[in-house]
Amino acid sequence: MATSAFASSTHIFTALTRPKSTPKFSLHLHPTYSSPRFRPPKPFTIYPLKSITTPNRTATFKVRSSSMAESKPFLKKKGNTNLTVFDSEEELSLSLAKYVADHSAKFVKERGAFTVVLSGGSLIKSLRKLVEEPYVGSIEWSRWHVFWVDERVVPKDHPDSNYKLAFDGFLSKVPILPGNVYAINDALSAEGAADDYETCLKHLVSNKVLDTSEASGFPKFDLMLLGMGPDGHVASLFPGHHLLHESQKWVTFIKDSPKPPPERITFTFPVINSSAYIALVVCGAGKAGAVQKALGKDQNEELLPAGRVSAEEELTWFLDKEAAPKL
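Predicted, not measured: the structure shown is a model, and the values here were computed from it. (Residues numbered from 1 in each chain as written. Predicted model: local features only at pLDDT ≥ 70, side-chain atom pairs only at ≥ 80, totals over all residues. Heavy atoms only, no water.)

(A) Up close: the overall build of the protein. Assigned secondary structure in the protein consists of six helices and 15 strands. The buried share among the 327 residues of the protein stands at 55%. Put simply, the protein shows about 14100 Å² of open surface, and 51% of that area lies on carbon and sulfur atoms. (Helix = DSSP H or I, 4+ residues; strand = E, 2+ residues; numbered from the N terminus. Buried < 20%, exposed > 50% of the residue type's maximum accessible area, 1.4 Å probe, protein only. Areas by Shrake-Rupley, 256 points an atom, 1.4 Å probe, with all protein chains shown as cover.)

(B) Seen up close, the sheet that holds strand S7 (residues 144-148). Within the open sheet, the six strands sit side by side as S5-S15-S14-S11-S6-S7. Their pairing is parallel. Sheet topology places strand S5 (80-86) and S7 at the edges, where each strand pairs with a single neighbour. Put simply, the sheet's adjacent strands are angled 15° from each other on average, direction ignored. Here strand S11 (residues 223-227) pairs with strand S14 (residues 277-282) via five bridges, running parallel. Along S14, the bridge assignment pairs Leu223 with Tyr277. Strand contacts of helix H6 (residues 288-295): S5, S14 and strand S15 (314-320), with the helix running at about 150° to S15, the strand carrying the most contacts. (Pairing = 2+ DSSP bridges. Axes fitted to C-alpha atoms, helices over the stretch in contact; angles between N-to-C directions. Contact = heavy atoms within 4.5 Å.)

(C) Representation of the pattern of salt bridges within the structure. This model, assessed by the stated rule, comprises 15 salt bridges. A salt bridge links Asp222 to Arg111; the nearest nitrogen and oxygen atoms lie 2.8 Å apart. Pair noted here: Asp222 is in the loop between strand S10 (219-220) and S11 and Arg111 is in helix H1 (residues 89-111), with a separation of 111 residues, a long-range link. Ionic pairing is found between Glu313 and Lys220, a salt bridge with its closest N-O pair at 4.0 Å. Residue Glu313 is located in the loop between H6 and S15, and its partner Lys220 is located in strand S10; the two are separated by 93 residues in the primary sequence. The network of salt bridges with shared partners includes Glu89, Glu90, Arg128, Lys129 and Glu132. (Salt bridge = Lys/Arg side-chain N within 4 Å of Asp/Glu carboxyl O.)

(D) Main features of unusual backbone geometry. Cis geometry marks the peptide bond from Glu133 to Pro134; its omega dihedral reads 10°. Among the structural elements, Pro134 can be located in the loop between helix H2 (123-126) and S7. Note that the residue after Pro260, namely Pro261, is joined by a cis bond; omega there is -5°. Mapped onto the elements of the fold, Pro261 is located in the loop between strand S12 (251-254) and strand S13 (264-267). Of note in this structure, Lys208 is not a glycine but carries a positive phi near 70°. Classification of Lys208 as exposed rests on a relative accessible area of 66%.

(E) Here's a closer look at the sheet that holds S13. In space, the three strands of this open sheet follow the order S8-S13-S12, with antiparallel pairing throughout. The sheet is open, and its two edges are formed by strand S8 (150-152) and S12, each paired on a single side. When the angles between neighbouring strand axes are averaged without regard to direction, this sheet yields 20°. With four bridges joining them, S12 and S13 adopt antiparallel strand pairing. When the bridges of S13 are listed, Thr252 appears paired with Thr266.

(F) Quick look at helix H4 (residues 190-206). The end-to-end C-alpha distance of H4, which contains 17 residues, comes to 25 Å, matching closely the 24 Å that a straight helix rising 1.5 Å per residue would cover. Contact partners of the buried residues in H4: S7, strand S9 (211-212), S10, S12 and S13. Of the residues trailing H4, Lys208 is marked for its positive phi of about 70°. (Expected span 1.5 Å × (residues − 1).)

(G) Structural context of the environment of Asp211. With respect to the element layout, Asp211 can be found in strand S9. For the pair formed by Asp211 and Thr115, sequence separation is 96 residues and the distance between their alpha carbons is 9.1 Å. Not counting residues up to four positions away in its chain, the partners in contact with Asp211 are Arg111, Val205, Phe218, Pro219 and Lys220. Side-chain polar atoms of Asp211 contact the side chain of Arg111, separated by 3.3 Å. (Polar contact = N/O pair within 3.5 Å; in protein donor to acceptor, adjacent residues only side chain to side chain.)

(H) Structural view of the confidence of the model for the protein. Put simply, the protein has an average pLDDT of 81, and 74% of its residues get 70 or more. This model gives residues 1-79 a pLDDT under 50, and the stretch forms 186 contacts once residues within four places in sequence are excluded. (pLDDT = per-residue confidence, 0-100.)

(I) Geometry of the nonpolar core. Residues Phe267, Ile272 and Trp317 are the most contacted members of the largest nonpolar core, which totals 91 residues. Ile272 has contacts with Val149, Met224, Leu226, Ala235, Leu237, Phe267, Ile278, Val309 and Ser310, leaving out every residue within four places of it along the chain. (Core = buried A, V, L, I, M, F, W, Y, C linked by side-chain atoms within 4.5 Å.)

(J) Representation of the side chain of Lys220 within the structure. Residue classification places Lys220 among the buried positions, given a relative accessible area of 19%. Within polar-contact distance, the side chain of Lys220 engages the side chain of Glu312 at 3.4 Å. With residues near it in sequence (within four places) discarded, Lys220 still touches Thr115, Leu210, Asp211, Thr212, Ser213, Ser274, Ser275, Ala276, Glu312 and Glu313.

Have a look at this one:
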């Protein structure tokens, strides 16, 4: 398996789902970040958000006003889905950095390691605050193990490479151990690269670097950071494609991607949805339609890939207001 060396209190909206027979949602403001070194983003104005759909559950909730005195800290529950909307991408990136840093500290304390999965696209730009203080000097980067949810079958120095995107914008600026970065073997075919990456994951499971989901038997990553395309795709799982229904493989390949380049490898949904925590980060007006479809209540439409994402502990949507107006 090839690896590569490297040089080195806001108010947010929370749509809380509870996995019961009759799911209920509540929308409220709550203080999330209290660090004196963290400058909180400006609160985003509430607009009438009425319904939300997550895999296999749809519910309608009422918006209720809440003052600082009335709000309560958010209590995470297994199977919860949170919807967070920010006034700008800058404020989203500040919140995302705190979110990632908190999860890193949590898992390093609990299990001595932090397994995090990256995707391509605009996600890497939204991680830029992690390479600034207070995070760059406080996160235990040596405990990180970095993976990719999907990759284009191109050389690592190719402009289309997700590895190159992550290296240039994030990984080259933090001291993650070279042996803890798991890039695909770009010398192999798409099918060979997928098989090789799955073999690598199984080796890491056997060595206890990766956890295994007791519910599914698939690898359980600590945190998966996903983006979404304008068509609603996540990873390299596209609307209407047969790979949406792959239920046995951990990693598979695609040779007919509707978005170039055509050859890619990708985690399957059983692996994605076995993650402990998932952040789905979506910015920009060009993705507002897909956000609406993924989180909307029209049961006559086929669920977009982004709408199929779930997590064993918590899924959080990070949206800027440009991506959210159609909700």
